[in-house]
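# Coordinate analysis (summary)
Given next are the chains, with one letter for each unit.
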Amino acid sequence: IYATYLARLGRDAEALTWFERAEKLSPDDAVVAYNLGLLLTEKRDFERARMYAQKAYAGGVQLPGLREKLTRQGQWQ
């Protein structure tokens with residue numbers, strides 16, 4: 001939650017650090033993967049964003065936002 005808060009404030013570097021910490025603590029958490037993918041899409045790190053998007057959707061996330069953002073950038077297959 002704190003990482004999402006930081007990202008919304010535009011403090012992307014700090015948010016990325018917190019998201020990566022969350023992922024290490026809970027590597028199978030699809031929601032963490034989804035939010036990390038959103039942040040990486042904003043940072044234009046599309047390779048990693050796609051990886052986390054695939055992990056999130058495979059984990060059951062139903063939200064279309066990440067997929068739509070990647071599609072708009074021509075980064076979703």
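Residues numbered from 1 in each chain as written. Predicted model: local features only at pLDDT ≥ 70, side-chain atom pairs only at ≥ 80, totals over all residues. Heavy atoms only, no water.

## Some words on the overall build of the protein
Threshold: Each helix corresponds to a stretch of at least 4 residues labelled H or I by DSSP, and each strand to a stretch of at least 2 residues labelled E; elements are numbered beginning at the N terminus. All radius of gyration figures rest on C-alpha atoms, and the globule criterion is 2.2 Å times the number of residues raised to 0.38.
Of the regular secondary structure elements, the protein holds five helices and zero strands. Ordered by position from N to C terminus, the α and β elements of the protein give α-α-α-α-α. By the compact-globule yardstick of 11 Å for 77 residues, the protein fits well, its C-alpha radius of gyration being 11 Å. C-alpha extents for the protein along the principal axes are approximately 30 × 25 × 20 Å.

## Some thoughts on the environment of Arg11
Quick note on the threshold: Contacts are assigned to residue pairs with any non-hydrogen atoms lying within 4.5 Å of each other.
Tracing the backbone shows Arg11 in the loop between helix 1 (2-8) and helix 2 (12-25). If we ignore the near neighbours within four places in the chain, the residues touching Arg11 are Tyr2 and Leu6.

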